[in-house]
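What the coordinates show
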Amino acid sequence: MSCVQWFEGAHAQLKEDVVLVHGVYGSGKSHLLVVLIIFLCTMLKEAHNEDIRILVSAATNTAVDRILLGLLELEFTEFIRVGSLKTHCQARAALHTAP
């Protein structure tokens, strides 16, 4: 079964178009988003649909940086970070050198 077939079957079972993911600090929300982004990109490539873009936004730069660092840890580098890299940014060095 391809990723596209699995997703189409799973999507047919969903009753809502939006899913809220919430939890306490350290519960895996960022990791879930990292894996979901990689999965969606893989699925889109397999379907030969590379016109779709994924936007990641959050209330803080730190939250977005945490997701981008997770993508880098899994060797996913197909992203562009928009915004300032302030002195206190935990991901400053890693994201500044990312392609």
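Keep in mind that this is a model prediction, so the values were computed, not measured. (Residues numbered from 1 in each chain as written. Predicted model: local features only at pLDDT ≥ 70, side-chain atom pairs only at ≥ 80, totals over all residues. Heavy atoms only, no water.)

1. As for the layout of surface pockets
Short version of the rule: Residues are said to line a cavity or pocket when one of their atoms sits within 4 Å of a point; the points come from a 1 Å grid over protein atoms alone, cavities being sets where a 1.4 Å probe fits but cannot get out and pockets being open sets with protein on both sides within 12 Å along at least five of seven lines. Grid points are joined across faces, edges and corners, and a volume is the space filled by probe spheres set on the points. By the criteria applied, helices consist of DSSP H or I runs no shorter than four residues and strands consist of E runs no shorter than two, each listed in order from the N terminus. The residue classification treats Ala, Val, Leu, Ile, Met, Phe, Trp, Tyr, Cys and Pro as nonpolar and Asp, Glu, Lys and Arg as charged. All others, Gly included, are polar.
Each pocket or cavity is described by its volume, and for the second largest pocket that value is around 630 Å³. Forming the walls of the second largest pocket are 24 residues, and the residues nearest its centre are Ile54, Leu55, Glu78, Phe79 and Ile80. Mapped onto the lining of the second largest pocket, the elements with two or more residues apiece are α2 (29-46) and α3 (61-73). The element contributing the most residues to the lining of the second largest pocket is α3, with five residues. Across the lining of the second largest pocket, the residue classes break down as 15 nonpolar, three polar and six charged.

2. Remarks on the environment of Asn61
Cut-off, in case you're wondering: Whether two residues touch is decided by their heavy atoms; if any such pair falls within 4.5 Å, the residues are in contact.
Tracing the chain through its elements places Asn61 in helix α3. Residues Asn61 and Ser84, spaced 23 residues apart in sequence, show a C-alpha to C-alpha distance of 8.4 Å. Setting aside anything within four residues of it in sequence, one finds Asn61 in contact with Arg81 and Ser84.

3. Quick word on α3
Keep this limit in mind: Helix span is expected to be 1.5 Å times the residue number reduced by one. Relative accessibility thresholds used throughout: buried, under 20% of the residue-type maximum; exposed, over 50%; partly exposed, between the two (1.4 Å probe, protein chains only).
Taking 1.5 Å as the rise per residue, α3 with 13 residues should run 18 Å; its terminal C-alpha atoms sit 18 Å apart, in good agreement. When α3 is considered as a whole, its buried residues turn out to be Val64, Asp65, Ile67, Leu68, Leu69, Gly70 and Leu71. Count one or two residues on from α3 and you reach Glu75, which has phi positive near 60°.

4. Details of the nonpolar core
Stated formally: Side-chain atoms within 4.5 Å link the members of a nonpolar core, which is a set of buried Ala, Val, Leu, Ile, Met, Phe, Trp, Tyr and Cys residues.
Listed in full, the nine residues of the largest apolar core are Val34, Ile37, Cys41, Val64, Ile67, Leu68, Leu71, Phe76 and Phe79. Counting residues per element, the ones that place at least two in this core are α2 and α3. Here the element with the most residues in this core is α3; it accounts for four residues.

5. Some details on the packing of α2 against α3
Stated precisely, the cut-off is as follows: Lines fitted to the C-alpha atoms define the axes, with helices restricted to the stretch that makes contact. Angles between their N-to-C directions range from 0 to 180 degrees. Put simply, angles under 35 degrees are roughly parallel, angles over 145 are roughly antiparallel, angles from 65 to 115 are roughly perpendicular, and the rest are oblique. Here a crossing is taken to be left-handed if its near helix is turned anticlockwise relative to the far helix by less than a right angle, and right-handed if that turn runs clockwise.
The N-to-C vectors of α2 and α3 enclose an angle of 55°; their axes lie 9 Å apart at closest approach. Considering the angle they form, α2 stands oblique to α3. Regarding α2 and α3, the two cross each other, and that crossing is right-handed. Between α2 and α3, the contacting residues are Ser30, Leu33, Val34, Ile37 and Ile38 on the first element and Arg66, Ile67, Gly70 and Leu71 on the second. Looking at side-chain class alone, the contact of α2 with α3 contains six nonpolar, two polar and one charged residues.

6. Describing the environment of Leu74
With respect to the element layout, Leu74 can be found in the loop between α3 and α4 (92-97). By relative accessible area, which is 47% here, Leu74 ends up partly exposed. Note: C-alpha distance between Leu74 and Val34 (40 residues apart in sequence) is 8.7 Å. Once you skip the residues sitting within four places of it in the chain, Leu74 turns out to touch Val34 and Ile38.

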